[in-house]
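What follows is each chain in one-letter form.
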Amino acid sequence: MKTRTLPLLICLCLLLIVGVAHAQDERGTLRINHAMEFGGLESLDPISQYRFFDVNARLYNRLVRADAQGLPAPELATEWSPNDDATEWTFLLREGVLFHDGETLTAADVAYSFNRIIDPAVDTPVRAVLGIMNRVEAVDDTTVRFVLNAPHADFPLLLTDYRALVIAEGSADRIEQTGNGTGPFRLETLDLEGTTRLVAFDEYWEGVPQHGVVEIFPIPDATATLQAFLAGQIDIYSATVAEVPLFNQDQVYVQYLFSGGWEGMVMRTDTPPFDDVRVRRALRVVADRQAMLDLALGPNGGTIACDSPVWPGDPYFSQMNCPQDIELARQLLAEAGYADGITVDLYLSDLSQTWTTLAEVYQQQAAQAGITVNLNMTSSDGYWSDVWMIEPFTFTSWGQRPADQILNEGWRSGADWNETYWNRSDFDSLLDRARSALDFAQRKELYADAQEMLWMEGGALIPYFTNTVRAVNNAVTLPEIDYDMVPWWEVTVNR
Amino acid sequence: MPRPYGSGPGEHMLKLALQRVILAVFTLAMVAVVVFATTELLPGDVCTAFLGRDARDVERLERCREERGLNRPAVERFGEWAGGLLSGDLGTSVIRDRPIADVIGSRLRNTFVLGIAAAVVGIPLAVGLGVLIAIKRDTALDVTISSTALFAMTLPDFVTATVLVFIFSFVLGWFPAVTLINVNAPIAELLPNIILPIMVLTFVMVAHIMRLVRTSTIEVLASDYVQMARLKGVPFRQIVWRHVLPNAMLPAINIVALTLGWLLGGTTIIESIFNYPGIGTLLLNAISDRDLPLVQSLALLMALIYIGLNLIADLLTLALNPRLRTLRA
C-alpha cells in the first residue's frame, strides 16, 4: 500500500503545481511533439530554413490552400485570376481578417511577405519554389498583384506551399519573437528546450478554435517519442505500419492517408552505363513494385508508382501500368551489349528504415534478369552531400509536392536537385508549355506526356508512394487530411 | 617498522596527491585532443548535417560554413577553443549561437539531480545488501539476492527501462514515460520524472558494488580483530557497525567513485530513453548536429567529473589506509 501512495502523492503535487501555473482552457489542450530537427534553432519566421513547422502552421495563414483534390482553394485570398498569358496574377483578399495584435490584414502585408521571399538579402529555401515571382504589389487595400518572370498557369498551386505564410508589413525583424500572424492560435510562450504554448485566437476569421491550448514539447529521440505517445503524453504520432500493432485500440485510432511522398533509386543519366536508355529501362522494368511495397512497407503502406513522381492525388496524375517484365529487361540489356548480364553498384545508407529492405528486394528481383546489384552501405552522415547526386546509382526520398513543383525541382535541366541529371530540352519544353497553358485539360495532357517520358526513358526507379500513417489519441478528432492541410481550428480535444 | 604519523608521511601524501593531479590534467588534455580529432574525422559537418540535401546548393553550403567559421584549418579552431578553455571560456555553440556554459547550465544541474538521487538510493542499498549477504553467505538468501542482482545488471539498461516504462507508465500510469518539462524547471517538477530512471540506474549499479562489498566483508569477518571482538563478547550488531563496515568499505570506495562518475557524467542512454533534459541527451544532440565545440566541452566535462571523482577516491583511500600512505623506507 505504501509503495502505491507515494507515487500518487507525488503525481498529485505535480498536478497542483501544473494546475496553478496554467489556468486550463475548458476547450482542452492538444499536446504534440517536435523532433528538434534544427537543434533548437527553430524559427517562427515562416521562410527561415529553420522554420518551426508545427508552430508556424497554427500561427499563420497562406493565401491559398490545397483542397482534397489537390486544387487551390481560398484561404486569405477569396478569388484570383491571371492576365492573358499568365505572367500576372491578381488576388482578392478576404476582408476583416485580424492579426493576433489586433491589426487588420491588408494587401500591403501580403506584398511585404512575398517580396521578402525574392529579396536577395534574405536567405530562404522558399525561393526555390516561388523564385518565379518578379515583384508583388498592393493594388489597393484588398487587391494584390503578383508579377512573374515567366508564365505560370498554376501559380496559385505554388502558393499552397506550407512556408508561403503571411506576416504583417515590416515585422520581419520581430517575427521570430512575436509570431504575430492571422492563424487560429497565437503565441503564449516560445521555449525550444521546454514547452512552447499556443492559445486559441478567438477572433480567428474562420471560426472560434475548438481547442483552447496547444503545447509543443521537444523529443529528439524516436523511441522516446513513441513511448510518450503510448503513455498518452502526446496526442498525435506519425507512425509506420509496423508500429500499428503496438497501439491500444481503446485509446488511439489510426489513420492511413494517401500521400505523395516517395522513395526510390536514381541513376545518373549522364554516367555510363546509365547514359544508355536501354540499360535504364531494363533496370526499371525488372522491379516487381507490388512485392517491393508489400515487403518494404507492409499492407496499407503505400500505392504503386510507375517511375513518375506525380502522385495519384494530384490533379495532373497520369495512370500508367508498370508490371515486372524480366524478358523485356533481358532483351534491352542484350541490345545494349550486356547479353551476359550487367553489374551495378547501388549506394544507400540507413537514413531511411526502408531503404535497406527495398535494396535487398530489388537485388533479388534484378538477379532474375542477369543484373548483379552490389549494395554499398555508406554513412548516413553526409549522405546527401557526399553520396547522393555524386555516385551514379543512389537511393533518394522526397516529400509530397504538386506536379509542377516536383517536375521542375527534380527533372528540369540544371535544377539543383536534378538527381538523375536529366537533361532534355524536349522535357523542359513540355513543362514550359504546361506553365503557359491556361486550359486545364491541355495542361493535364502536357503533364501526362512528361510522365510518360519518365516511365519510358527516365533514370529514376520510383516503386511506390508512401502512405502517411498517423495515430491519434481518442480524445482528439483529427480530420483525415494531410498534416499540413489540417484546419487546426476545427480540431476538438475532449479530455 | 612503520614510521609514526608526522611530517614525513604528510609530505609524502602531498607528493602523491600532486602526482595524481598532474596525471589528471594530462588525461584531460589527451581527452580534449582525441575527442576533437575523432569528431573531426566523422563525415559531414554542422552545415551538411543541417542543410541535408540543401547542401547541394554549394553557395548556401559555403555561406553556412563561412558564418560558422568552419573554413579555417582544424588546428586553428582547436587552438582557439583550447585557448579559451584555459581562460575559463568554454566557447560558443556553433548551432545554438549561445555561450556553451549557458547551454550546459541547467542541464548539468538536471543530470546531477538524477545522478545524486540515484546514488542516494542505489549505493546504500548495494552496500547494505552486500553486508547482509556476506553475513548470511551461502544461504538461500545470499544466492537469491546475488543472482537477482547479477541478472538485473546483465540486462541492458534500455531493456530494463522499456520493461519498467511498460509496467509503471502504460499499465499502471503512475509515472510519466518521458520527461516533458522545461530544462529550467524547478527541482520539484523534476522529481516525478526521475523515479523510473532511478529504478533503472539502481538495477544497473547495485550488483557491482554489492559483490565487492560482500567479498571484502567476508574477508573482514574472518580477520583476527573481528574474531577477537567476538571472543570478547561484543554484540554482533556492534561488531558489524563499528569494525566490519568501515573496513569493508575501504576497497569499495573506488567502485563507488566510478559509479558516481558514471551517474554524474550523464547516463546518456537512460537520459535519451526518458527524454530527460540532462547533459547526456545534450551530448547526443550535439553529436548528431555536429556541434563540435559543444561535443568537446561536454566530453571534457564528463571526463573532468570522472577523473575528479576518481582522484578524490584515490586520495580518500590514501588518507584512510595507513599502509598505502606510509613511506616504505
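In every chain, residue numbers begin from 1 and rise along the written sequence. Whichever chain is written first becomes A and whichever ligand is written first becomes 1, with later ones labelled in order. In view of the model being predicted, local features appear only for residues whose pLDDT reaches at least 70, and side-chain atom pairs are presented and counted only at 80 or more, with totals across whole chains, interfaces and linings using the full set of residues. To get the side-chain values, all heavy atoms of the structure are used, and hydrogens and water are removed first.

Our focus in this paragraph is the overall build of chain A. Each helix is a run of H or I in the DSSP string that is no shorter than four residues. Each strand is a run of E no shorter than two, and both are numbered from the N terminus. Helices and strands together make up the secondary structure of chain A, namely 15 helices and 21 strands. Here the globule rule reads 2.2 Å times residues to the power 0.38, and the radius of gyration is calculated from C-alpha atoms. The C-alpha atoms of chain A give 25 Å as radius of gyration, which agrees with the globular expectation for 495 residues (23 Å, within 12%). For chain A, the spread of C-alpha atoms along the principal axes amounts to about 75 × 70 × 35 Å. By the convention used here, residues are in contact when the closest approach between their heavy atoms is within 4.5 Å. A sequence separation of at least 24 residues applies to 68% of the contacts in chain A between residues at least 6 apart. Under the convention used here, a 1.4 Å probe and the Shrake-Rupley method define accessible areas, while residue burial counts only the protein chains that appear. With an accessible surface of roughly 19700 Å², chain A has 50% of that area assigned to carbon and sulfur atoms. In chain A, the 33 positive side-chain charges and the 71 negative ones have mean positions that sit 2 Å from each other. In this tally Asp and Glu are treated as negative and Lys and Arg as positive; neither His nor the chain ends contributes. Just so you know, the charge point we use is NZ for Lys, CZ for Arg, CG for Asp and CD for Glu.

The next thing to look at is the overall build of chain B. A count of helices and strands for chain B gives 14 helices and zero strands. Seen in sequence order, chain B has helices and strands lined up from the N terminus as α-α-α-α-α-α-α-α-α-α-α-α-α-α. Reported as C-alpha extents along the three principal axes, the dimensions of chain B are approximately 85 × 60 × 35 Å. A buried classification covers 50% of the 329 residues belonging to chain B. Restricting to contacts in chain B with at least 6 residues of sequence separation, those with at least 24 account for 74%. Surface accessibility of chain B: about 16200 Å² in total, with carbon and sulfur atoms responsible for 69%. For each residue, the accessible area found with a 1.4 Å probe, counting protein chains only, is set against the maximum for its type, and the residue is called buried under 20%, exposed over 50%, and partly exposed in between.

Next up on the list: the confidence of the model for chain B. Residue and element names in this part refer to chain B. Averaged over chain B, the pLDDT score is 83; the fraction of residues at 70 or greater is 95%. Within a predicted model, pLDDT stands for the predictor's per-residue confidence, ranging from 0 to 100. Across residues 1–7, confidence stays below pLDDT 50; counting only partners more than four residues off in sequence or on other chains, it has six contacts. In the predicted complex, the global pTM is 0.82; the interface-specific ipTM is 0.78.

A separate point is the nonpolar core. Judged by nonpolar contacts, the single largest core of 72 residues is most densely connected at A:M265, A:Y362, A:I371, A:F395, A:W411 and A:F427. The contact partners of A:W411, leaving out residues within four places of it in the chain, are A:W262, A:P309, A:I406, A:N418, A:T420, A:W422, A:F427, A:D428, A:L454, A:A460 and A:I462. The definition of a nonpolar core used throughout is a set of buried Ala, Val, Leu, Ile, Met, Phe, Trp, Tyr and Cys residues joined through side-chain atoms within 4.5 Å.

Right, let's get into the domain arrangement of chain A. Often, the extent of an interface is quoted as the loss of accessible area on bringing the components together. Residue and element names in this part refer to chain A. Marked domain ranges trace back to an automatic or database domain assignment. As assigned here, chain A comprises domain 1 (61–176), domain 2 (187–255 + 469–493) and domain 3 (258–468). Each of domain 2 and domain 3 was reduced to a C-alpha centroid, and the two centroids are 33 Å apart. At the interface, six residues of domain 2 touch eight residues of domain 3. As a working definition, buried area equals the accessible area (1.4 Å probe) given up by two parts on being put together, with both sides summed. Overall, the association of domain 2 and domain 3 removes approximately 450 Å² of surface from exposure, summing both partners, and the carbon and sulfur fraction of that is 48%. On the domain 2 side of the interface with domain 3, the three residues burying the most area are V241, V469 and D482, jointly 79% of the side's total.

Bringing the pattern of salt bridges into the picture now. Here the idea is simple: oppositely charged side chains can pair when their charged atoms come close. Salt bridges are counted wherever a side-chain nitrogen of Lys or Arg sits within 4 Å of a carboxyl oxygen of Asp or Glu. This structure, assessed with the given rule, holds 33 salt bridges over all chains. For B:D142, the salt bridge identified is with B:R214, shortest N-O distance 2.7 Å. Of the two residues, B:D142 sits in helix 6 (residues 140–154) while B:R214 sits in helix 8 (residues 187–221), which places them 72 residues apart along the sequence. With respect to burial, B:D142 and B:R214 carry one shared label: buried. Via salt bridges that share partners, A:R62, A:R65, A:E75 and A:E206 belong to a single interconnected network.

Residues and elements named next belong to chain A. Pairing is antiparallel across the open sheet formed by four strands, whose spatial order is 4-5-7-6. Both outer strands of the open sheet, strand 4 (77–82) and strand 6 (133–140), are each paired with one neighbouring strand and no more. Geometrically, the sheet is characterised by an average inter-axis angle of 20° between neighbouring strands, direction not taken into account. Sheet topology places strand 4 next to strand 5 (residues 88–93); five bridges connect them, and they run antiparallel. Its bridge partner being in strand 5, A77 is matched across the sheet by L93. Any two strands with at least two DSSP-identified bridges between them are counted as paired. Between N-to-C directions, angles cover 0 to 180 degrees, with each direction set by a line fitted to C-alpha atoms, over the stretch in contact for helices.

What follows covers the side chain of A:R268. In this structure, A:R268 sits in the loop between strand 13 (262–267) and helix 8 (277–285). Every residue in contact with A:R268, bar those within four places of it in the chain, is listed here: A:F274, A:D275, A:M389, A:I390, A:E391, A:P392, A:E419, A:T420 and A:Y421.

Once that is clear, we can look at the state of the cysteines. Whenever a pair of cysteine sulfur atoms sits within 2.5 Å, that pair is classed as a disulfide. Following the criterion strictly, the structure yields two disulfides over all chains and no others. The disulfide partner of A:C306 is A:C322, and the gap between their sulfur atoms is 2.0 Å. Taking the sign of the S-S torsion, -70° for the link of A:C306 and A:C322, the bridge is left-handed. Taken as a pair, A:C306 in the loop between strand 14 (302–304) and helix 10 (326–335) and A:C322 in the loop between strand 14 and helix 10 lie far apart in primary sequence, 16 residues in all. Note that B:C47 is cross-linked by a disulfide to B:C64, the S-S spacing being 2.1 Å. The sign of the -90° torsion about the S-S bond sets the B:C47-B:C64 disulfide as left-handed. Here the residue B:C47 occupies a position in helix 2 (residues 46–51), and B:C64 occupies one in helix 3 (residues 58–67), the gap between them amounting to 17 residues.

Here we take up the interface of chain A and chain B. On the side of chain B, 40 residues touch chain A, which itself brings 47 residues to the contact. The largest contributions to the chain A side of the interface with chain B come from A:E193, A:Q227 and A:Q233, which together make up 17% of the buried area. Here chain A and chain B share three salt bridges between them. In this structure, A:E193 engages B:R107 in a salt bridge whose closest nitrogen and oxygen atoms are separated by 3.2 Å. Any N or O atom pair separated by 3.5 Å or less is treated as a polar contact, with the protein-specific requirement of one donor-capable and one acceptor-capable atom, and with residues adjacent in sequence counted only for side-chain atom pairs. The interface formed by chain A and chain B holds ten residue pairs in polar contact (both at pLDDT 80 or more) in total. Secondary-structure elements contributing two or more residues to the side of chain A that touches chain B are helix 1 (2–21), strand 10 (213–218), helix 7 (222–230), helix 12 (383–386) and strand 17 (393–398) of chain A. Broken down by element, the side of chain A that touches chain B gets its largest block of residues, seven residues, from helix 1 of chain A. All residues other than Ala, Val, Leu, Ile, Met, Phe, Trp, Tyr, Cys, Pro, Asp, Glu, Lys and Arg, Gly among them, are scored as polar; the first ten of these are nonpolar and the last four charged. Here the side of chain A that touches chain B is composed, by residue class, of 26 nonpolar, 13 polar and eight charged.

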